[in-house]
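This is what each chain is made of:
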Amino acid sequence: MPTTPIMPGVTEPTYDLATPLDLDYAGAFADATEEDRAHQQRVRQFVQDEVLPVIDDYWERAEVPFDLVKRMGELDLLRDGVDVEGRPHVSLLAAGLAAMEMSRGDGSVATICGVQGGLALRSIQMLGSDEQRARYAEPMARGEILGAFALTEPTHGSDSVSLETTARKETRDGVEGYVLNGEKKWIGNGSSGHITVVWARLVGDDGDGQVHGFVVPQDTPGYTGTTITGKVSLRAIWQAHVVLDDVFVPAENALPGARSFKDTSRVLFATRLGVAWAAVGHAVACYEAAVAYAKQRVQFGRPLAANQMIQERLTRMLSTITQLQLLVAQMTRLDEAGTLTGPQASLAKYSCTRGAREVAASARDLLGGNGILLQNRVARHFADIEALHTYEGTESVQALIVGRDITGVSAFV
């Protein structure tokens, strides 16, 4: 039976839009050590070989790629730069480059790493007891125990300092502990993990009214984590609506270093630059796809790249990315020196997510109709950046933090 011939100019070619470009136009990362580069390259290889070939399917089905999470544990990529005894130290620059590379691959996978290492593991390492660190740190680094970080509530997002989830001291069956009641929302790994670091206000006759942290096993009676459905962003990580209904945990589950919201803020401060780095990774992914598409897509008898308008657009995208790279690199140097301030970290997050949105929008437009297809990479990043732009402090909140530093006047209520 004769086959239908492929008609030149009719059958669309398959575009290769995922080749890394080693983008660093201004030498922002020139001072990276060999160890830093090796860590970055390990993440990039994982992304190229294992994430990109499968992630579109997971994203479209809104399923967590647990096999990839396991591989991240095997490759020591789940710590997000957090030190764990017996494992090699990862510099802040290497951790930033890794966050950039992981987000260049996929926002959901990068967020799983950020929640696991940057938030849950960091809370335990920074604020936990020796016993808690010994119990959880290594298994979490291996990916055998998945963790969540439960701060945001259904009615307290940007004003998380006003959280209403409560903890009350109580003794049950001769065991001293705490009873937790309340709700949390948008909790990554909160319905698919093993433990959740829950932030609650200590109330009662012997409560101090301050925010404390507790390690809560997700199989504890009264803990219910319901996966939030209908998301159009970060679809390959499950965020949960968590209900805590008289959840009892023994006193040993309280984080001894978590005594107020200032301690919670210490954890968040340590992760804010990571979000900025992640935004750069999303922007780089969109730029790489746009450059490759412009070279391969032929319209009006020549590649799109031969058009002045396209070259100007690519230059504008590169300009934005280069500025963002220089910003995160310098802020990371300040962090390494111990001089990074909260407003500086906020400015980095504010600038990078804004810039990434602009680059993604331009890339999506440059790809035309093909820009909305998952197989062409940009659409997934375009959607995921919207979540990145919001979590760990919205643009407005970051602006108010910086604005307070500029003016000396707080606009917060």
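Above: the structure in question.
Residues numbered from 1 in each chain as written. Predicted model: local features only at pLDDT ≥ 70, side-chain atom pairs only at ≥ 80, totals over all residues. Heavy atoms only, no water.

## Things to note about the overall build of the protein
Note the threshold: Comment: elements are numbered from the N terminus, with helices defined as DSSP H or I runs of at least four residues and strands as E runs of at least two. A radius of gyration in this sense is built from C-alpha atoms; the matching globule rule multiplies 2.2 Å by the number of residues raised to 0.38. Exposure is judged per residue with a 1.4 Å probe applied to protein chains only, and the accessible area is read against the type maximum: over 50% gives exposed, under 20% gives buried, and values in between give partly exposed. Contacts are assigned to residue pairs that have any heavy atoms within 4.5 Å of one another. Residue exposure ignores everything except the shown protein chains as possible cover, and the areas themselves are Shrake-Rupley values with a 1.4 Å probe. Residues scored as charged are limited to Lys and Arg (positive) and Asp and Glu (negative), so that His and the chain ends carry no count. For charged residues, the charge sits on one atom: NZ in Lys, CZ in Arg, CG in Asp, CD in Glu.
Helix and strand counts for the protein stand at eleven helices and nine strands. Expected size for 413 residues packed as a compact globule is a radius of gyration near 22 Å; at 23 Å, the protein falls within 12% of this value. A principal-axis box enclosing the C-alpha atoms of the protein has dimensions of 80 × 65 × 40 Å. By residue count, 51% of the 413 residues in the protein fall in the buried class. Taking as baseline every contact in the protein between residues at least 6 positions apart, the subset at least 24 positions apart corresponds to 77%. For the protein, the accessible surface area stands at approximately 18600 Å², while carbon and sulfur atoms represent 53% of it. Taking the average place of the 38 positive charges on the side chains of the protein and the average place of its 52 negative ones, the gap between the two points comes to 5 Å.

## Some points on the state of the cysteines
We apply this condition: Criterion for a disulfide: a pair of cysteine sulfur atoms within 2.5 Å.
As enumerated under the stated definition, the model contains zero disulfides in all. Cys286 carries a free sulfur, and the closest cysteine sulfur to it, the one in Cys352, is 14 Å from it. For Cys352, a relative accessible area of 0% gives the class buried.

## Observations concerning the layout of surface pockets
As a reminder of what qualifies: The pocket and cavity definitions rest on a 1 Å grid over protein atoms only: a 1.4 Å probe that fits but cannot leave marks a cavity, an open set with protein on both sides within 12 Å along at least five of seven lines marks a pocket, and residues lining either have an atom within 4 Å of a point. Grid points are joined across faces, edges and corners, and a volume is the space filled by probe spheres set on the points. The classification used treats Ala, Val, Leu, Ile, Met, Phe, Trp, Tyr, Cys and Pro as nonpolar, Asp, Glu, Lys and Arg as charged, and all other residues, Gly among them, as polar.
When its volume is computed, the second largest pocket comes out at roughly 370 Å³. The wall of the second largest pocket is formed by 20 residues, among which Asp80, Leu92, Arg122, Ala270 and Asp335 lie closest to the centre. Elements supplying a minimum of two residues to the lining of the second largest pocket: α4 (92-105), α5 (107-127), α7 (261-296) and α8 (308-337). If one sorts the elements of the lining of the second largest pocket by residue count, α7 sits on top with six residues. By residue class, the composition of the lining of the second largest pocket is ten nonpolar, six polar and four charged.

## Some points on the side chain of Gln239
Put simply, the rule reads: Here a polar contact is taken to be a pair of N or O atoms separated by no more than 3.5 Å, where protein atoms must pair a possible hydrogen donor with a possible acceptor and residues adjacent in sequence count only if both atoms sit in side chains.
Mapping Gln239 onto the fold places it in strand β7 (residues 239-250). Within the local environment of Gln239, its side chain forms a polar contact with the side chain of Lys231, the two groups lying 2.4 Å apart. In this structure Gln239 touches Trp186, Ile187, Gly188, Thr226, Thr227, Ile228, Lys231 and Leu234, once residues within four positions along its chain are discounted.

Purely spatial values, then, with no claim about function.
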